[in-house]
Amino acid sequence: MAGTAPQPTDVEGVDAGVGLTALLVAAARAIETHRHDSLAQDTYAEHFVRAAPACAHWPVRIEQVPDGDGNPLWGRFARYFGLRTRVLDDFLLRSVRTSARQVVLLGAGLDTRAFRLDWPSGCVIFEIDRAGVLAFKHQVLTDLPATLKVKRIPVPVDLRADWVTALTTAGFNPAAPSVWLAEGLLFYLPGPAETYLIDTVDRLTTEGSTLAFEAKLEKDLQAYRDSPIYTATREQIGINLLHLFDKGPRPDSAGDLTAKGWSTSMHTPFDFTRRHRRGPLPEPNDALEGNRWVFAHKPSP
């Protein structure tokens, strides 16, 4: 697959802007997959990278990076995405092994959990993202081919549009427990859009449901504009994350969920680095310093 011509692949939706960050995460997952001490396995990730002309030259193994783990982008930042993948894999599987059988991936991007994780019987995964992103993913996985391990329902809709109607029309049942994931999504949205999304998840969930999302706590994102991670991402692959992040004030979504009766916990990525003994640790001028991973559970009234 890596040597095939990429021309026939429709890359609309992943070839620029926020969509291109999905390919960055795919490259990071590919690098993580090939590590001897891998935290997460995603054998499909490198095929997305090779299928998109904009990033066909990106590394998919750390050995392809001249300075290896010393590279802020393909070393430390990629390891961050590998750690995040593992932590959220564990969260999803833990959630569906208790009560939830519906999984909703908000801004699913190039997520392949429906293909690579061992799901309990009866689960269904709803993947919400723009039509172009889902079409690109479908074409790459069909060409491989990839084998599903669970029922998967793509929901091609922009999260700025009426995604609730699209989701329920696709078969989502608000009366049954569900698990929701917003991985690397919310800080691209304006604050009011994040609040609407969190409120909507609360409205569409019943007791026993769970939610995980990533947030950024910085009051001033520009304070980290010279961080090695942001600089390397901009200079090496042309993605200016600070340009893509929404500049407005962020809501306290964890606090909002707590006020609605959810049980929430908030962690730094470094908490899980220490737990797994792999991943990034704090550094000076660290763009990861304000990142938080939030896990929420909706208990019985």
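This structure is a prediction, so every number in the text was calculated from the model and none was measured.

Caption draft 1: How the structure looks around the nonpolar core. Ranked by internal contacts, the top residues of the largest apolar core, which has 74 residues, are Leu23, Trp58 and Trp119. Counting residues per element, this core draws most heavily on helix α3 (residues 72–96), at 13 residues. Ignoring sequence-local partners within four residues, the contact set of Leu23 consists of Val14, Phe48, Val49, Ala52, Cys55, Trp58, Leu110 and Phe136. Listed in part, the 30 residues of the second largest apolar core include Leu106, Val124, Ala254 and Val294.

Caption draft 2: Expanded view of the pairing of strand β3 (residues 151–156). Two strands pair when backbone bridges link them, and strand β2 (residues 124–129) and β3 are joined in this way by six bridges, in the parallel orientation. The partner of Glu127 across the bridge, within β3, is Pro154. Remark: the β2/helix α5 (residues 131–143)/β3 crossover connection has right-handed handedness.

Caption draft 3: Layout of the sheet that holds strand β7 (residues 291–297). As summarised here, the arrangement of the seven strands in space is β3-β2-β1-β4-β5-β7-β6, forming an open sheet in which the pairing is mixed. The outermost strands of the open sheet, each flanked by one partner alone, are β3 and β6 (263–267). For this sheet, the mean angle separating the axes of adjacent strands, direction not counted, is 15°. Where strand β4 (residues 178–182) lies against strand β5 (residues 210–216), four bridges are found, and the strand directions are parallel. The partner of Leu181 across the bridge, within β5, is Ala212. Lying over the sheet, α3 contacts β1 (102–106), β4, β5 and β7, oriented at roughly 5° with respect to β7.

Caption draft 4: Molecular detail of the pairing of β5. Taken across its seven residues, β5 has seven buried, putting it largely inside the fold. Side chains of β5 alternate between two faces, with Thr210, Ala212, Glu214 and Lys216 and Leu211, Phe213 and Ala215 buried alike. As a crossover connection, the stretch from β4 through helix α7 (residues 191–203) into β5 is right-handed. Sheet analysis places β5 next to β7, joined by seven bridges and oriented antiparallel.

Calculation rules
- Residues numbered from 1 in each chain as written.
- Predicted model: local features only at pLDDT ≥ 70, side-chain atom pairs only at ≥ 80, totals over all residues.
- Heavy atoms only, no water.
- Core = buried A, V, L, I, M, F, W, Y, C linked by side-chain atoms within 4.5 Å.
- Buried < 20%, exposed > 50% of the residue type's maximum accessible area, 1.4 Å probe, protein only.
- Helix = DSSP H or I, 4+ residues; strand = E, 2+ residues; numbered from the N terminus.
- Contact = heavy atoms within 4.5 Å.
- Pairing = 2+ DSSP bridges.
- Right-handed = clockwise from strand over helix to strand, strands pointing away.
- Axes fitted to C-alpha atoms, helices over the stretch in contact; angles between N-to-C directions.

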